[in-house]
Amino acid sequence: MNKEASPTVSTTPSAPAVVLTRHCEAETCADPSSVMTLLADTDGCTSYRSTFAKGAVGAPAHFHTRATELFFVISGELQVLVGEEVTVLKAGDFLAVPPHTPHAFAAAPGCEADVLFVFTPGMGRFDYLRLLGSVMRGETDPKEIAASSERFDNHYVDSPVWRAALERSV
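What comes next concerns the included structure. Numbering of residues begins from 1 in every chain and follows the order in which that chain's sequence is written. Selection of residues for local features in this predicted model requires a pLDDT of at least 70, selection of side-chain atom pairs for listing and counting requires 80 or more, and totals for whole chains, interfaces and linings are taken over all residues. The side-chain values count all of the structure's non-hydrogen atoms but skip hydrogen atoms and water molecules.

Below, the discussion takes up the overall build of the protein chain. Numbering of helices and strands runs from the N terminus, with a helix taken as a DSSP run of H or I at least four residues long and a strand as a DSSP run of E at least two residues long. What the protein chain contains, in helices and strands, is four helices and ten strands. Counting from the amino terminus, the protein chain carries its helices and strands in the arrangement β-β-β-β-β-β-β-β-β-α-α-α-β-α. Taken over C-alpha atoms, the radius of gyration is set against a globule rule of 2.2 Å times the number of residues to the power 0.38. For the protein chain, the C-alpha radius of gyration of 16 Å lies close to 15 Å, the compact-globule estimate for 170 residues. Burial classes: relative accessible area under 20% of the type maximum marks a residue as buried, over 50% as exposed, and values in between as partly exposed (1.4 Å probe, protein chains only). Looking at the protein chain as a whole, 37% of its 170 residues qualify as buried.

The next thing to look at is the packing of aromatic side chains. We call Phe, Tyr and Trp rings a pair once their centres come within 6.5 Å, taking the six-membered ring for Trp, and we label the pair stacked below 30 degrees between planes, edge-to-face above 60, and tilted otherwise. According to the stated counting rule, one finds eight aromatic pairs in the structure shown. When the centroid spacing of 5.1 Å and the interplanar angle of 65 degrees are considered together, the rings of Phe71 and Phe117 count as edge-to-face. Placement of Phe71 in strand β5 (residues 68–82) and of Phe117 in strand β9 (residues 113–120) is noted, with a sequence separation of 46 residues between them. The exposure class of Phe117 is buried, given its relative accessible area of 0%. Ring geometry for Tyr128 against Phe152: centres 5.6 Å apart, planes inclined by 55 degrees, an arrangement best described as tilted. Within this pair, whereas Tyr128 is found in helix α1 (residues 126–136), its partner Phe152 is found in helix α3 (residues 149–152), the two being separated by 24 residues in sequence. There is no split in this pair, since Tyr128 and Phe152 are both buried. One aromatic cluster is present, built from ring pairs that chain together Tyr48, Phe52, Phe71, Phe105, Phe117 and Phe119.

Our focus in this paragraph is a nonpolar patch on the surface. Grouping into patches uses exposed residues only, defined as over 30% relative accessible area, and leaves out salt-bridged ones; the cut-off is 9 Å for like charges and 5 Å for nonpolar side chains (Val, Leu, Ile, Met, Phe, Trp, Tyr). The method behind every accessible area is Shrake-Rupley, applied with a 1.4 Å probe, and residues are considered shielded solely by the protein chains displayed. When a carboxyl oxygen of Asp or Glu is within 4 Å of a side-chain nitrogen of Lys or Arg, the pair counts as a salt bridge. Together, Phe72, Ile74 and Phe94 line one region of the surface with nonpolar side chains, adding up to about 270 Å² of accessible area. Tracing the chain through its elements places Phe72 in strand β5.

Here is the structure:
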């Protein structure tokens, strides 16, 4: 796409609109261990990029009932739980987690991670990411996260496998 050209926006109901987010114009949300760059939040997909510091805890075990979550590791290493298995994704690795599959993620032990996340379909998740950052910074009561589970399709579960993996990481 030509840098000077404006994107063409489709207006037909059967074709989604083109989304172009310039890095310099993207909103960011930060907490003590990560920075999220918000890229797209449409009915078709939600996408953001997270950079995790060493030791960043990422997300606890959870699942989505409607969305598939896609992970692409740009650099560094990301430790992930999928179902009952813990593995490490490295730069260039891609993972797709279908609905109803428990998963979690954190920067791999001793590593930073830069990860592109995509949810399909999208569903207004930027408000969740803003809420999450606010909770992590201590500005909002963590109970707000639990109260938003249906709205944002984030359903937290207990995972002894993930807890054990995190304990080994310390």
